[in-house]
Amino acid sequence: MRLVLVGFGNLGRGLSRALIQKASFLRRSHGLIPRVVAAVDEFGAAVDEKGLNLTRLLKVAGKAGTVAAYKGGKRGKLALRVIEGVEADVVYELTPTNIKTGEPGLTHIKRAMWARKHVITSNKGPLVVAFGELDSLARRCGVEFRYSASVGGAVPVVGLAKELLAGNEIREIRGVLNGTTNYILTRMSREDAPFEVVLREAQELGVAEKDPTLDIEGIDTACKITILANSLLGMNARLKDVKVAGIKRVRPEAIRLAREAGQTIKLIGIAKRGSLEVGPKLVPLGHPLAVGGTLNAVTFELDLAREISITGFGAGPKETSSSLLGDLIDIHRTLGG
Ligand SMILES: NC(=O)c1ccc[n+]([C@@H]2O[C@H](COP(=O)([O-])OP(=O)(O)OC[C@H]3O[C@@H](n4cnc5c(N)ncnc54)[C@H](OP(=O)(O)O)[C@@H]3O)[C@@H](O)[C@H]2O)c1
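The model shown is predicted, which means the values in this text are computed figures rather than measured ones. (Residues numbered from 1 in each chain as written. Predicted model: local features only at pLDDT ≥ 70, side-chain atom pairs only at ≥ 80, totals over all residues.)

1. A look at the environment of Val283
What counts is decided by this rule: Secondary structure elements are defined from DSSP: runs of H or I of at least 4 residues count as helices, runs of E of at least 2 residues count as strands, and each element is numbered from the N terminus. A residue pair is marked as a contact if its C-beta atoms, positioned from the backbone, fall within 7 Å.
Mapped onto the elements, Val283 comes out in strand S11 (residues 275–284). On a C-alpha basis, the gap between Val283 and Gln263 in space is 5.4 Å, while along the polypeptide they are 20 residues apart. Contact partners of Val283, with chain neighbours within four places excluded, come to Gln263, Thr264, Lys266, Leu289 and Ala290.

2. Focus: the site of the ligand
In plain terms, the rule: Near, for a residue, is defined by distance from a backbone-placed C-beta atom to a molecule or strand, with 6 Å as the limit that must not be exceeded. Any residue outside Ala, Val, Leu, Ile, Met, Phe, Trp, Tyr, Cys, Pro, Asp, Glu, Lys and Arg is labelled polar, Gly included; the first ten of those are nonpolar and the last four are charged.
Taken together, 28 residues lie near the ligand, and Gly7, Gly9, Asn10, Asp41 and Glu42 sit nearest. Counting residues per element, the shell around the ligand draws most heavily on helix H1 (residues 10–21), at 3 residues. Taken together, the residues of the shell around the ligand sort by class into 12 nonpolar, 13 polar and 3 charged.

3. Remarks on the nonpolar core
Let me state the cut-off plainly: Connectivity within a nonpolar core runs through C-beta atoms within 7 Å, and the core itself is a set of buried Ala, Val, Leu, Ile, Met, Phe, Trp, Tyr and Cys residues. Burial is judged by counting the other C-beta atoms within 10 Å of a residue's own C-beta: 20 or more makes it buried, 12 or fewer makes it exposed, and any count in between marks it as partly exposed, with every C-beta position built from the backbone.
Ranked by size, the top nonpolar core spans 99 residues in total, and within it Val4, Leu5, Ala38, Ala39 and Tyr92 carry the most contacts. The dominant element in this core, judged by the number of residues it contributes, is helix H11 (residues 219–232), at 6 residues. Ignoring sequence-local partners within four residues, the contact set of Val4 consists of Val37, Ala38, Val82, Ile83, Val86, Ala88, Val91 and Tyr92.

4. Observations regarding helix H13 (residues 317–334)
In plain terms, the rule: Here the expected length of a helix is defined as 1.5 Å per residue gap, with one fewer gap than residues.
Between its terminal C-alpha atoms H13 stretches 25 Å, which fits the 26 Å expected from 18 residues at 1.5 Å a residue. Buried residues along H13 sit against H1, helix H2 (23–30), strand S5 (90–93), strand S6 (118–121) and strand S7 (145–146). Following H13 by one or two positions, Gly336 adopts a phi angle in the positive range, close to 95°.

5. A word on the sheet that holds strand S9 (residues 242–244)
Where we set the bar: Any two strands are treated as partners once DSSP identifies two or more bridges connecting them. Under this scheme, a helix contributes an axis fitted over its contacting stretch, all axes are lines through C-alpha atoms, and angles between N-to-C directions fall in the 0 to 180 degree range.
Read from one edge to the other, the open sheet built from 6 strands follows the order S9-S11-S10-S8-S12-S13, with strand pairing classed as mixed. Of all the strands in the sheet, the pair left with one neighbour each is S9 and strand S13 (306–313). Neighbour to neighbour, the strand axes of the sheet diverge by 30° on average, direction disregarded. Here strand S8 (residues 170–176) pairs with strand S10 (residues 263–272) via 3 bridges, running antiparallel. Bridge pairing links Gly175 to Gly269 in S10. Where helix H8 (residues 179–191) meets the sheet, it contacts S8, S10 and strand S12 (295–302), and its direction lies at approximately 155° from that of S10. Contacts from helix H12 (residues 252–260) reach S10 and S11, with the element oriented near 95° to S10.

See the structure below:
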């Protein structure tokens, strides 16, 4: 399968490493022979229709800061030209998230679909802004569209619900979907430390971004809840439909009181038909959602299976490449491979 990688940052590189490491596994276990025919970043592109040497690409791009430094690479804003012009089966859209416009990912995805290329993305922006439009465009264009990595990182939230739990009606989805806020709340709980102190340390450790607004105000979680509501509950939700509260006002005393009552406080996103919400909630200690550190967790409430929970790493290039590769294998199987 010929792949185009649009975005060669943490995930583009993580996926490339996984493709190198798992080449013979993919061939042996899945009959899948992936070939990256182009990689694009903000500064340029590397293209080779016979397949880029990924080890060399990682080395060269790591050193020069752009894939354009690869032999024969070109400089400039080339994403659309590559998406439309390079012969390929699948476009990976791995550019930064913009939750206001969805761009540049939204246009990348639409152009890829119009060019009859299957799309795999980790980018929440286009999904939050235009889920319904992209879902129906994929159908109209006859292409596959996968976005497992956009919610839960390595945790197969979407796949579990869509495939293995497909015989159930999903009544409610509750999740710890943001590693940064979970890390902060976990440390506040373990050390009785105030929010501001833990946030500063998390920033020093690189667990929290320099501008952590989207995480701590609950907006990142609200984006994921919007995606889950649309993809799993068949809703036509927008980000503005989610009632959101962040974790800034959570005090260590509140966490201590909760603990004395056998509970903890987590930032929980909740999706059910007719109500979408994000906010700090009490969770019984020992419940599957009471995960520590940067872990993510999701609980589905279902008509037949009653309750199913899943937990794992919600971010990281290696961990998230599990979902990015899983989507590729899923498309390969869907196409009869
Ligand atoms: N990192 C994770 O663990 C994780 C997990 C789940 C989902 N995600 C989501 O996945 C996406 C990628 O994450 P990341 O961590 O890999 O981000 P990143 O490290 O910031 O990489 C983004 C890449 O996109 C490129 N880019 C930006 N604008 C572009 C444009 N107009 N055309 C072509 N390339 C462009 C950047 O190029 P330059 O380097 O040249 O600027 C860079 O290579 C984001 O939407 C993120 O929210 C990330």
